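Coordinates in review
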Amino acid sequence: MMAIKTMKRLFVLMPLAILGGALFALPQIQLRANPQVWIPYDNPSGVFDKDNKELDLYTMGFGGDVNVDLGLFGFVSPYLDLGVGYAPSNNVGSNLIFMPMGAGLSLFYYPIPRIMLRAGGSGGLSYVAYTVKNEGITQPPSGFLYYWKAKAEIGYRFSPSFSILGSGAFSQILGSSSMLFQGMSFGLMANIGLDSLFGG
C-alpha cells in the first residue's frame with residue numbers, strides 16, 4: 001500500500017517537476033535590436049496623380065525596434081515589443097511618428113544547427129504623433145492607438161549567444177473607426193543571448 005501511494009505521488013509530482021525545471025532552468029533571455037526600413041502600403045490620401053492613380057498618404061520611412069525574448073522549450077518565445085517609426089508625408093499630409101509598445105509570441109526552429117527560422121505576432125498600444133509638412137494642413141491629434149504586427153525572420157547563428165537575422169513584417173495602427181496606418185518593414189536584426197553573455 002505504501003509503495004502504491006509513493007508511485008501515485010511520483011506520477012503527480014514528476015510532470016510538475018519537469019515543467020518547473022523547464023521554466024526555471026531552460027529559459028534563454030535574448031535582446032534583439034532591429035533597424036528597419038518602412039514601406040507604407042495602401043494608405044488612401046484622396047489625391048491622384050496624372051495617371052489617375054491614388055497616391056499613398058506616406059512615402060518610405062525608417063525606424064527600429066527592440067525585443068526582449070524569453071526562449072522556452074526550445075521552440076516558443078514570448079517577448080516584449082518596443083519600437084519607433086517615422087513615415088514621411090507623400091506631400092499630401094503630415095509626417096507620422098509612431099512608437100509601438102506591446103507584447104507578442106513567436107515560434108522558432110533550427111532546420112540545421114546554424115540556421116534559425118522564426119515567425120510570430122505582437123500587439124499593444126502605439127503612441128502616434130504628427131509633424132506638419134505643408135502649411136495649411138490641419139495636424140491630427142496625438143495619442144495612443146492599438147496596433148498589431150506579424151513578422152517572419154531567417155538568420156544565421158554564429159554562436160549560442162549571437163545571431164544575425166533578416167526580418168520582414170506587416171503592421172497596422174488602428175484608429176477609432178478605421179485603419180490609421182499600415183505598411184511593411186524590412187530590417188537586419190542582431191540577436192544577443194544575455195544569459196550566455198553573463199554566464200547563465
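Structure shown above.
Structural notes, computed from the coordinates.

Cut-offs applied
Residues numbered from 1 in each chain as written. Predicted model: local features only at pLDDT ≥ 70, side-chain atom pairs only at ≥ 80, totals over all residues. Heavy atoms only, no water. Helix = DSSP H or I, 4+ residues; strand = E, 2+ residues; numbered from the N terminus. Buried < 20%, exposed > 50% of the residue type's maximum accessible area, 1.4 Å probe, protein only. Contact = heavy atoms within 4.5 Å. Areas by Shrake-Rupley, 256 points an atom, 1.4 Å probe, with all protein chains shown as cover. Polar contact = N/O pair within 3.5 Å; in protein donor to acceptor, adjacent residues only side chain to side chain.

Quick word on the overall build of the protein chain
A count of helical and extended segments in the protein chain gives two helices and ten strands. Secondary structure elements in the protein chain, listed N-terminal to C-terminal, are α-β-β-β-β-β-β-β-β-β-β-α. Relative to its full complement of 200 residues, the protein chain shows a buried share of 34%. Here the contacts in the protein chain between residues at least 6 apart in sequence split such that 60% fall between residues at least 24 apart. Taken as a whole, the protein chain presents about 11,600 Å² of accessible surface, with 70% of it coming from carbon and sulfur.

Quick notes on the environment of D69
Among the secondary structure elements, D69 is positioned in strand β4 (residues 61-71). By relative accessible area, which is 2% here, D69 ends up buried. Residues D69 and L105 lie 36 residues apart in sequence; the distance between their C-alpha atoms is 9.0 Å. If sequence neighbours within four positions are ignored, D69 has contacts with Q28, I29, Q30, R32, S77, P78, Y79, S106 and R118. Of note is the side chain of D69, whose polar atom sits 3.3 Å from the side chain of S77.

Some details on the environment of L188
As for its position among the elements, L188 is in strand β10 (residues 179-193). With a relative accessible area of 55%, L188 lands in the exposed category. In the structure, L188 is positioned 152 residues away from Q36 in sequence and 7.1 Å away in space, judged by C-alpha atoms. Apart from residues no more than four positions distant in its own chain, L188 is found in contact with A33, N34, P35, I164, L165 and G166.

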